[in-house]
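# A structural walkthrough
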Amino acid sequence: MKSEVLQKLARYCAYQERCVWEIQVKMGSFAILPEDQATYLDWLEDNNYLNQERFAKLFVRSKFNQKSWGRNKIKFELKRLQVKAPLIQKALEELKELSYDARLESMLIEKFNQVKDPNEWSKKQKCYQYALRKGFEPDLISLYIQQLN
């Protein structure tokens, strides 16, 4: 029984990077007692199926590259997944300032051109709100909003 559960958990981790919280939820669906979960987690970490740092870095890169999320939204989601703060900070260092700023700027320009509103102030406000929802920092957004025409 134990090896069968380990095999299922290993397959679950091999399919896609997972965090500890996701594994704990999965073990709950297998009706594994909380006191036994540590043993399974240790085995997964020892056999390199589970690595929190690797998960956090991959999460940051994928959400930035594929969904254009900013630091704030990424940090919020990692906290929701119960990733520890030092790992979050280390993973956020993956975002290079140059590409981060360039992504925000190009995103704002694209949104500004899409918004159909004759009032320029209103257009900028909509772009600002859009970038905030994406998780970018307010002061950085303001800097680039001022440059829009």
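Here, every reference points to the structure presented above.
Residues numbered from 1 in each chain as written. Predicted model: local features only at pLDDT ≥ 70, side-chain atom pairs only at ≥ 80, totals over all residues. Heavy atoms only, no water.

### Some remarks on the side chain of Lys123
Here Lys123 is to be found in helix H8 (residues 120-133). Buried charge without a partner: Lys123 forms no salt bridge, and the closest opposite charge is Glu120, 7.4 Å away. A distance of 3.4 Å separates the side chain of Lys123 from the backbone oxygen of Phe112, its partner in a polar contact. In this view, Lys123 contacts Phe112, Val115 and Asp117; residues no more than four positions away in its chain are not counted. (Helix = DSSP H or I, 4+ residues; strand = E, 2+ residues; numbered from the N terminus. Buried < 20%, exposed > 50% of the residue type's maximum accessible area, 1.4 Å probe, protein only. Lys, Arg positive; Asp, Glu negative; His and termini not counted. Salt bridge = Lys/Arg side-chain N within 4 Å of Asp/Glu carboxyl O. Polar contact = N/O pair within 3.5 Å; in protein donor to acceptor, adjacent residues only side chain to side chain. Contact = heavy atoms within 4.5 Å.)

### Things to note about the packing of aromatic side chains
This structure, assessed with the given rule, holds four aromatic pairs. With 5.7 Å between their ring centres and 15 degrees between their planes, Trp43 and Tyr49 make a pair best called stacked. Judged by its relative accessible area of 32%, Trp43 falls in the partly exposed class. Pairing Phe55 with Phe59 gives two aromatic rings, centres 5.8 Å apart and planes at 40 degrees, and the pair type is tilted. Taken as a pair, Phe55 and Phe59 lie in helix H4 (residues 52-67) at a separation of four residues, close to a single helical turn. We classify Phe55 as buried; its relative accessible area is 5%. (Phe/Tyr/Trp six-rings, centres within 6.5 Å; stacked < 30°, edge-to-face > 60°.)

### Focus on the environment of Leu41
Here Leu41 lies in helix H3 (residues 34-46). On the basis of relative accessibility, which here comes to 10%, the residue Leu41 falls in the buried class. As for Leu41 and Ser99, which are separated by 58 residues in sequence, their C-alpha atoms are 36 Å apart. Once residues within four sequence positions are removed from consideration, Leu41 is found in contact with Val20, Ile23, Gln24, Met27 and Leu50.

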